[in-house]
Amino acid sequence: MPVRRTRTPAERDLLEHAARLLLQRIPQLTDEVLAEIETASGPYREVLPPNEFWESVSSALRLGIEVMADPQSGRRRDLEHAESTGRLRAEQGLPLDDLLHAYRQAGYLTWEALLEIAAQEGPETLHVVMHSATEMWAAVDRQAAAAADAYRATAQDLLRRTDERVQALLDALLEGNETPGLAQRAAAALDLPLQGRYAVVVLRAEPRGRKPRLHRVPEAGGMRLVWRMRADCEIGVIWLAGEEPRALAAELEARGLSPGGLSPVVGTLTELARARQLAEIALRTCGPDDDRVVRLDERLPSALVVSQPELAGRLVADVLGPLLEQDAPDRAVLLDTLEVWLECGGSAGQAASRLYCHRNTVFNRLRRIEQLTCRSLSRPRDLTEVTLALDAYRLSSEQ
């Protein structure tokens, strides 16, 4: 790093004199800077009123020239102004590149004007000004850096606040808030149509000790997804466009986003709260080992059971009560046999193959189940009761 040469009192006087002459040119210099910036940057004209822009540039030039004349002064008002400008431009939505371009243009034109003044004042002044070039451009760089840092911090804060606002609107929709105009504001913030084919998916929270999902899919097969993380689950609002829920379920499963429950299709953002409730019911029909995204319409009997826990408990007690009073090994064999037989569509032969026993053994166990439950598995109404009771028992045991 080069050692900065200490100026003599005479050199300081010459530089301060040149700076005072330059300060007198600020109105003209401001006009020149504005002309250069406006030629290269349209956004300034769109964002800032002319008078405000002129005053901002004029203040920045004056403070920068004062620092150049006396770099040892304690308070860096030029940096304070740069930070304030950076914050303001971020709030106004001006691109950062345009802001930095403005600082560079102001530095070039100020340097040219200073050289012109120095040349008019004589060789000694020109010599001192030339030797101050490093310090001057270092000051410009510090001002630009201060403005950029303040801009980035403000932009990040604005983004965070915008994200919080969007999440709050999404939460309000999912909770069924009926505030007038809410759906319209949410549609604009989420960039989604008010009317459309929507569904909600609810994913089970990751168990402790497992790595969280590394990404939330924003798009899938032409569908748009907006996610909301909660303590016990993750909720996705899906704009289906022309796709079907079955395609969405398969897409989410392929990306490892399961188990989950998927609601039926609704026609507007105002129906998302009901869709969320139905998706949660669908998720509750999933056992601990499920690795699917299940649609409510394919789990309706189980959904009926889990949505009425008190009645489900009564059903289990009434239908399976005597069976559940058996010794644990015997109870487990009977329940497993019933479950496998139902999964095999009532085929004793297929059930025997899966259970590694003779088909007559399956028949014997089924007859015992009929005796204990006082239900006939060949009678449709009794079979429905037994099937629902088994679902209720399995699901309640897995909660």
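Residues numbered from 1 in each chain as written. Predicted model: local features only at pLDDT ≥ 70, side-chain atom pairs only at ≥ 80, totals over all residues. Heavy atoms only, no water.

Check the secondary structure of the protein chain and you find 17 helices and 7 strands. Within the protein chain, the fraction of its 399 residues that count as buried is 43%. In the protein chain, the proportion of contacts linking residues at least 24 apart, taken out of those at least 6 apart, comes to 68%. Total accessible area on the protein chain stands at roughly 21600 Å², and carbon and sulfur atoms take up 52% of it. (Helix = DSSP H or I, 4+ residues; strand = E, 2+ residues; numbered from the N terminus. Buried < 20%, exposed > 50% of the residue type's maximum accessible area, 1.4 Å probe, protein only. Contact = heavy atoms within 4.5 Å. Areas by Shrake-Rupley, 256 points an atom, 1.4 Å probe, with all protein chains shown as cover.)

Once that is clear, we can look at the packing of aromatic side chains. This structure, assessed with the given rule, holds 1 aromatic pair. Ring geometry for Tyr-108 against Trp-137: centres 5.5 Å apart, planes inclined by 55°, an arrangement best described as tilted. Of the two residues, Tyr-108 is situated in helix 6 (residues 96–121) and Trp-137 in helix 8 (residues 133–174); the sequence distance between them amounts to 29 residues. (Phe/Tyr/Trp six-rings, centres within 6.5 Å; stacked < 30°, edge-to-face > 60°.)

A few words now on the pairing of strand 3 (residues 223–229). Where strand 3 and strand 4 (residues 233–239) come together, 6 bridges link them in antiparallel fashion. By the bridge assignment, Trp-227 is partnered in strand 4 with Gly-236. Hairpin connection of strand 3 to strand 4: 3 residues between the antiparallel strands. (Pairing = 2+ DSSP bridges.)

Looking now at helix 7 (residues 123–131). An α-helix turns once every 3.6 residues. As a result, residues three or four positions apart point the same way. For helix 7, the complete set of buried residues consists of Thr-125, Val-128 and Val-129. An end-on view of helix 7 places all buried positions within 100° of arc, on one side of the element. (Arc of directions from axis to C-beta.)

Moving on: the environment of Arg-394. Relative to the assigned elements, Arg-394 resides in helix 17 (residues 380–398). Between the C-alpha atoms of Arg-394 and Glu-339, which are 55 residues apart in sequence, the distance is 9.8 Å. Of note is the side chain of Arg-394, whose polar atom sits 3.0 Å from the side chain of Asp-336. At a separation of 2.8 Å, a polar atom in the side chain of Arg-394 contacts the side chain of Glu-339. (Polar contact = N/O pair within 3.5 Å; in protein donor to acceptor, adjacent residues only side chain to side chain.)

Before going further, it helps to examine a negative patch on the surface. Among the surface-exposed residues, Asp-31, Glu-32, Glu-36 and Glu-112 lie close enough to one another that they form a single negatively charged patch. As for its placement among the helices and strands, Glu-32 is situated in helix 2 (residues 26–40). Exposure remark for Glu-32: the relative accessible area of 32% places this residue in the partly exposed category. (Patch = residues over 30% accessible without salt bridge, like charges linked within 9 Å, V, L, I, M, F, W, Y side chains within 5 Å. Salt bridge = Lys/Arg side-chain N within 4 Å of Asp/Glu carboxyl O. Lys, Arg positive; Asp, Glu negative; His and termini not counted. Charge placed at Lys NZ, Arg CZ, Asp CG, Glu CD.)

We now examine the confidence of the model for the protein chain. Considering every residue of the protein chain, the mean pLDDT works out to 83; 89% of them sit at 70 or more. Every residue in residues 208–215 scores below 50 in pLDDT, and together they form 11 contacts with partners more than four places removed in sequence or on other chains. (pLDDT = per-residue confidence, 0-100.)

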